[in-house]
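Listed below are the residues making up each chain.
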Amino acid sequence: MSKDDTKKTVFSDSIDEYFIGVYTAYKFVIRFFKEVFVPPFHIRAIITQSYEIGIKSLALISVTGFIIGIVFTKQSRPSLEDFGAASWLPNLVGIAIIRALGPVLTALICAGKVGSSIGAELSSMKVTEQIEAMEVSAINPFKYLVVTRVVAATIMVPLLALYCIFIGLMGSFINVHAAETTSFTTFFKDAFSSITFVDLFAATAKATVYGFTIGIIGCYKGFNATKGTHGVGKAANEAVVLAMFLVFLEEVIIVQVSNWLRYF
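We now turn to the structure provided with this report.

Rules of the game
Residues numbered from 1 in each chain as written. Predicted model: local features only at pLDDT ≥ 70, side-chain atom pairs only at ≥ 80, totals over all residues. Heavy atoms only, no water. Patch = residues over 30% accessible without salt bridge, like charges linked within 9 Å, V, L, I, M, F, W, Y side chains within 5 Å. Areas by Shrake-Rupley, 256 points an atom, 1.4 Å probe, with all protein chains shown as cover. Salt bridge = Lys/Arg side-chain N within 4 Å of Asp/Glu carboxyl O. Helix = DSSP H or I, 4+ residues; strand = E, 2+ residues; numbered from the N terminus. Core = buried A, V, L, I, M, F, W, Y, C linked by side-chain atoms within 4.5 Å. Buried < 20%, exposed > 50% of the residue type's maximum accessible area, 1.4 Å probe, protein only. Contact = heavy atoms within 4.5 Å. Axes fitted to C-alpha atoms, helices over the stretch in contact; angles between N-to-C directions. Parallel < 35°, antiparallel > 145°, perpendicular 65-115°, else oblique. Left-handed = near helix turned anticlockwise from the far one by under 90°.

**Considerations on a nonpolar patch on the surface**
- Taken together, the side chains of Phe245, Leu249, Val252, Ile253, Val257, Trp260 and Leu261 present a nonpolar region at the surface, about 690 Å² in accessible area.
- Residue placement: Phe245 occurs in helix H9 (residues 229-261).

**Details of the nonpolar core**
- Counting 42 residues, the largest nonpolar core has Phe28, Phe32, Phe142, Val146, Ile214 and Cys219 as its most contacted members.
- Mapped by element, the contributors of at least two residues to this core are helix H1 (3-35), helix H2 (43-53), helix H4 (89-127), helix H5 (130-136), helix H6 (141-180), helix H8 (197-223) and H9.
- The element best represented in this core is H6, accounting for 13 residues.
- Ignoring sequence-local partners within four residues, the contact set of Ile214 consists of Ala107, Cys110, Ala111, Val114, Gly115 and Ala243.
- One finds Leu80, Ala85, Val176 and Phe187 within the second-largest nonpolar core, a separate group that totals 13 residues.

**Brief notes about the packing of H4 against helix H7 (residues 184-191)**
- Where H4 meets H7, the axes come as close as 7 Å, and the angle between the chain directions of the two elements is 55°. The orientation of H4 with respect to H7, classified from their angle, is oblique. In this structure, the crossing between H4 and H7 has a hand that is right-handed. For the pair H4 and H7, the contacting residues are Pro90, Asn91 and Gly94 in the first and Phe187, Asp190 and Ala191 in the second.

What follows is the structure in structure tokens.
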């Protein structure tokens, strides 16, 4: 076989592998929507996963959101002062954090922390054949392991995003108050003066979609991990990379849709 034939074969195999992966992921998502509305619902497992995803992420979300609020405010002030528009700073910060920074920042943190954790945990269970053992024990592993984690991520990421928005605004308020002695009421009144229901709805909707994406990608990569310890690291890494890529892609789409809604 010539080198050209070998390259064509490798390229063809790569294309086939890609479309097989897309089809497998499609079936995985469809199976989730079939399973999520069918009992048993494993409420206790969902609560446990919500604690793992939400409560254990609060410290990182708090520090990151607070720093982003302060840094964004400090970086924006000189530019506004050059145009004599320093009084617009709370309004600018409110638009930036509520519309974009809060949900996206939360999603990226959760993609790195939660996505990798889910991918590594499920891939470890896959490698050690614990998932097969659950099937032998008449337990639906997809229902117990995948559905509970995806539901918990879909619920907790929007709540974390709202919390991150509040912490980010608090960090901005402290910076503005220190520089201009602006009151708490005045700052938040100005910050929300240009925020509409569409903005709040879009931020919550984005965070919900991000949470579902992070949960389903982490579970998919972990549930379909290859054998061996190499598969565990690969699943965790791919879960983070793919989740972050889809978060940015979804951000572009949802922002475009929300901008269209503002004209109605």
